[in-house]
Amino acid sequence: MHSILPRLQNLTYNLNYSNNGVNWDTKVTAEYGAAKIQNQDNLQKTNDRVEVISVLGKKIKNSPWFYSGLFNFKTQFDSGFEVTERTEVMNGVTVKISGDARNSKFFSPAYFLAGPGILWKKNDDLKLNMAPSTAKLILVSSMFTNPNDPRNRLDNSGKYFGVESGKTMRSELGLALNGYAKVFLLPNVELENILGLYSNYLDKPKNIDIDYTANLTMRVNNLITTNYKFK
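This report concerns the structure included in the present document. (Residues numbered from 1 in each chain as written. Predicted model: local features only at pLDDT ≥ 70, side-chain atom pairs only at ≥ 80, totals over all residues. Heavy atoms only, no water.)

1. A word on the pattern of salt bridges
Item 1. Overall, the coordinates contain 17 salt bridges when judged by the stated rule.
Item 2. Its salt-bridge partner being D25, residue K127 comes within 3.2 Å of it at the nearest N-O pair. With a gap of 102 residues between them, K127 in strand β8 (residues 126-139) and D25 in strand β2 (residues 22-37) connect regions that are remote in the sequence. For the pair formed by K127 and D25, the shared burial category is buried.
Item 3. In this structure, E190 and K182 form a salt bridge, with 3.8 Å as the shortest nitrogen-oxygen distance.
Item 4. Given the relative accessible area of 23%, K182 is considered partly exposed.
Item 5. A network of salt bridges, in which partner residues are shared, links D25, K121, D124 and K127. (Salt bridge = Lys/Arg side-chain N within 4 Å of Asp/Glu carboxyl O. Helix = DSSP H or I, 4+ residues; strand = E, 2+ residues; numbered from the N terminus. Buried < 20%, exposed > 50% of the residue type's maximum accessible area, 1.4 Å probe, protein only.)

2. Notes on the nonpolar core
Considering soluble globular proteins, one finds that nonpolar side chains tend to be buried as a cluster.
Item 1. If you look at the biggest cluster of nonpolar residues, it comprises 9 residues: I53, V55, F66, L70, L113, L119, A131, A176 and Y198.
Item 2. For this core, the secondary structure elements donating two or more residues are β3 (43-59), β4 (65-75) and β7 (110-123).
Item 3. Discounting residues that sit within four places of it in the chain, F66 has contacts with G21, N23, G57, K58, K59, I60, G117, I118, L119 and K121.
Item 4. One finds V140, M143, Y160 and V163 within the second-largest nonpolar core, a separate group that totals 7 residues. (Core = buried A, V, L, I, M, F, W, Y, C linked by side-chain atoms within 4.5 Å. Contact = heavy atoms within 4.5 Å.)

Written out as structure tokens, the structure reads:
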């Protein structure tokens, strides 16, 4: 099976502000990639992500610790599809029919997190924020949760990304842990580690949501840079 990557976009913007004991770090990530796979008519997404994570902190005396506030937003640009298969009897013959069904789109799902916490920051390349009382909001389109809509993508438990049948929102309260570490492996090679953990106090707190990304960047010269992403 061969594929061509006709579209691949990656934009990352970092804002770091520090003055008079106030620290504000914001990271904006926008990624999109698609591939044309042989013998398939439609483009297949290889990467699709929109995320903003922002931490505002106030230094605790003369230390690397800060009182902090966390805000995190995450969704995707484009619709996602999954292969579906059903069985029908035609003229006495059992036939399997397969097709693509939309299972996500822009702002469905969309995740919002916000909560107070405490930040440990050694420098811009090494920091950890813990927010033990973080509210999480999941928004989805009604077409995916309406049991009377044939386009719904409810699972066996009657939920779509945790949102119950007939609803468009789910709220949670839990612990959020966000870490960032950039390691310089060689003079022109750096590894960026981004970790996000979330535990919902209200429903199965031992089931922890894990979001980890590793970016390996190799700089050939001032004009050429190679980047590898692992999730």
